[in-house]
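Inside the fold
One letter stands for each residue in the lines below.
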Amino acid sequence: MLETTIAAIGPLDEAAMSTARQLQTRLTKPAGSLGLLEELSVRLAGLAGTCPPPLPSPAAVAIFAGDHGVHAQRVTPWPQEVTVQMVGNFLAGGAVVNAFARQAGATVTVVDVGVATPLSTPDDHPPTGDAPVAAPGGVRGHGRVAVPRLVDANVRRGTRDMTVTAALTRDEARSAVEVGIRIAGELIDGRAALLVTGDMGIANTTPAAALIAAFTGVDAAEATGRGTGVDDPTYQHKIEVVRAALLRHTPDPTDPLGVLAAVGGLEHAALTGLLLGAAARRVPVLLDGVIAVSAALAAAALAPDAVGAMIAGHRSAEPGATVALRQLGLTPLIDLGLRLGEGTGALLALPVVTGAVRVLHEVATFDSAGVAEK
């Protein structure tokens, strides 16, 4: 599955991009006045192979959840049990990502790819219909939004401690990547026109930092952030944990599966697959925070043209996210100092993406509107 997916990923369509650039110059606005939105619309035309590209609706959020052996190194004060508890919160509709998804009219799919605690209500079938979702406190969501669903695709019950041994075997890393490819296909087959990356896993910013350092070559201190907001001693310890894991494994960035196996997480690997699967189907993906962009580095190492399907939703407050975005050549659409994860920042950027595409669909040209050009 992995090899055939990579083989299906191609470059952006230059003819469609040229048409989109020419159309932007004829629309009733000064050339370049929409800034980054103009180039985004051009890239999306190139991805779709047509101008204007399809509107990015409906959108689907895929939240991959997993636990981490490196949690034993006390890189976070949060107990590991919070991972499975938050999965329950997602399914009940009570998390921030649920509120933002309701606002955006996006579906939410939670994928157990590596949660340490077995979940009691797995359901790997799509919802049979849409239903109005009641938020906590009795506040109803906007419109009719599909009830969150859970997919049981557990590869193993959490990773191993990457400071002691490889976090995953190569086969486990591949299996997790292929989970992500499969989920991308299912969501796209279910009519999703844009995918949104989500993640959940206590301690998962530690492997994210290790992945970013491995793929970009920066020092552990530049790639590592405070995650859930750890104090100074824990932060310094976290940097040393990332550094120790990198020294132990010396991961080779030209071997992306090997890097994921050595210092990655199951949700990072699955997100890598989601990105590859979407790129193979020519469907855009909105990247969320540092977990998503660390996975994006792995996807880009496996298939450089996959970057054409990626949109940086926001700039995470985690420093490693900026390092990764610079390496990928992606400019974030919004910068609000967010560091929650779950898919929250990406969902807030969704109207920006929609606006960029809608301009090509709906704005009149100078000729059609009878407006004089300069």
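Here is a short report on the structure shown in this document. (Residues numbered from 1 in each chain as written. Predicted model: local features only at pLDDT ≥ 70, side-chain atom pairs only at ≥ 80, totals over all residues. Heavy atoms only, no water.)

This brings us to the overall build of the protein chain. In terms of regular secondary structure, the protein chain is built from 15 helices and 6 strands. Here the protein chain has a C-alpha radius of gyration of 20 Å; the compact-globule value for 374 residues is 21 Å, and the two agree. With the principal axes as the frame, the protein chain shows a C-alpha extent of 70 × 45 × 40 Å. Out of the 374 residues in the protein chain, the part that is buried amounts to 56%. In the protein chain, 79% of the contacts between residues at least 6 apart in sequence involve partners at least 24 apart. For the protein chain, the exposed surface amounts to about 14,600 Å²; the carbon and sulfur share of it is 54%. Averaging the positions of the 27 positive and the 35 negative side-chain charges in the protein chain gives two centres separated by 3 Å. (Helix = DSSP H or I, 4+ residues; strand = E, 2+ residues; numbered from the N terminus. Rg over C-alpha atoms; globule rule 2.2 N^0.38 Å. Buried < 20%, exposed > 50% of the residue type's maximum accessible area, 1.4 Å probe, protein only. Contact = heavy atoms within 4.5 Å. Areas by Shrake-Rupley, 256 points an atom, 1.4 Å probe, with all protein chains shown as cover. Lys, Arg positive; Asp, Glu negative; His and termini not counted. Charge placed at Lys NZ, Arg CZ, Asp CG, Glu CD.)

Here helix α11 (residues 266–280) contains 15 residues, and its C-alpha end-to-end distance of 21 Å stays within 8% of the 21 Å for a straight helix at 1.5 Å per residue. Where α11 terminates, the next one or two residues include Arg282, which has phi positive at roughly 60°. (Expected span 1.5 Å × (residues − 1).)

Spatially, the 6 strands line up as an open sheet ordered β3-β2-β1-β4-β5-β6, and their pairing is parallel. Looking at which strands have only one partner, the edges of the open sheet turn out to be β3 (149–152) and β6 (310–312). Averaged over all pairs of adjacent strands, the angle between their axes in this sheet comes to 30°, without regard to strand direction. In the packing of helix α14 (residues 344–362) onto the sheet, the strands contacted are β1 (59–66), β4 (194–200), β5 (285–287) and β6, and the crossing angle to β5 comes to about 130°. (Pairing = 2+ DSSP bridges. Axes fitted to C-alpha atoms, helices over the stretch in contact; angles between N-to-C directions.)

Counted by the stated rule, this structure contains 17 salt bridges. Asp112 is the salt-bridge partner of Arg157, the closest N and O atoms lying 3.6 Å from each other. Taken together, the residues Arg157 in the loop between β3 and α6 (170–189) and Asp112 in strand β2 (residues 107–114) connect sequence positions 45 residues apart. A relative accessible area of 41% places Arg157 in the partly exposed class. (Salt bridge = Lys/Arg side-chain N within 4 Å of Asp/Glu carboxyl O.)

Turning next to the packing of α6 against α11. Here α6 crosses α11 at 45°, and the two axes come no closer than 6 Å. One finds that α6 runs oblique with respect to α11. Where α6 crosses over α11, the handedness of that crossing is right-handed. Taken together, the residues of α11 that come into contact with α6 (itself represented by Glu172, Ala173, Ala176, Val177, Gly180, Ile181, Ile183, Ala184 and Ile188) are Leu266, Ala269, Ala270, Thr272, Gly273, Leu274, Leu276, Gly277 and Ala278. Along the lines of polarity and charge, the residues of the contact of α6 with α11 split into 13 nonpolar, 4 polar and 1 charged. (Parallel < 35°, antiparallel > 145°, perpendicular 65-115°, else oblique. Left-handed = near helix turned anticlockwise from the far one by under 90°. Nonpolar A, V, L, I, M, F, W, Y, C, P; charged D, E, K, R; others polar.)

Of note, the bond from Cys51 into Pro52 is cis; its omega dihedral lies within 30 degrees of zero at 0°. Relative to the helices and strands, Pro52 resides in the loop between α3 (36–48) and β1. Residues Ser57 and Pro58 are joined by a peptide bond in cis, for which omega reads 5°. For Pro58, the location among the structural elements is in the loop between α3 and β1. Positioned with a positive phi, Arg282 is a non-glycine residue whose angle comes to about 60°. The residue Arg282 is located in the loop between α11 and β5 in this model. A positive phi angle is found at Glu342, which is not glycine, with a value near 70°. Mapped onto the elements of the fold, Glu342 is located in the loop between α13 (319–328) and α14. Judged by relative accessible area, which is 5%, Glu342 ranks as buried.

Within β4, 7 of the 7 residues are buried, leaving the element largely enclosed by the surrounding structure. Residue alternation in β4 divides its side chains into two sets, Leu194, Val196, Gly198 and Met200 and Leu195, Thr197 and Asp199, and both sets are buried. Direction of pairing for β1 relative to β4: parallel, over a ladder of 7 bridges. Note on β4: the bridge partner recorded for Ile63 is Gly198. Pairing of β4 with β5 involves 2 bridges; the strand directions are parallel. When the sheet's bridge partners are listed, Val196 is paired in β5 with Leu286.

This part takes up the nonpolar core. Ranked by size, the top nonpolar core spans 95 residues in total, and within it Phe64, Ile183, Leu195, Leu276 and Met310 carry the most contacts. Sorting elements by how many residues they give to this core places helix α12 (residues 290–302) first, with 11 residues. Here Ile183 is in contact with Ala62, Phe64, Val111, Val151 and Leu274, once residues within four sequence places are set aside. By size, the runner-up hydrophobic cluster in this structure holds 34 residues, among which are Val87, Val196, Leu347 and Val357. (Core = buried A, V, L, I, M, F, W, Y, C linked by side-chain atoms within 4.5 Å.)

Within β1, 8 of the 8 residues are buried, which leaves the element mostly enclosed by the surrounding structure. Residues Ala59, Val61, Ile63 and Ala65 line one face of β1 and the alternating positions Ala60, Ala62, Phe64 and Gly66 line the opposite face, and both faces are buried. As paired strands, β1 and β2 are joined by 7 bridges and run parallel to one another. Across the sheet, the residue bridging to Gly66 is Gly114, located in β2.

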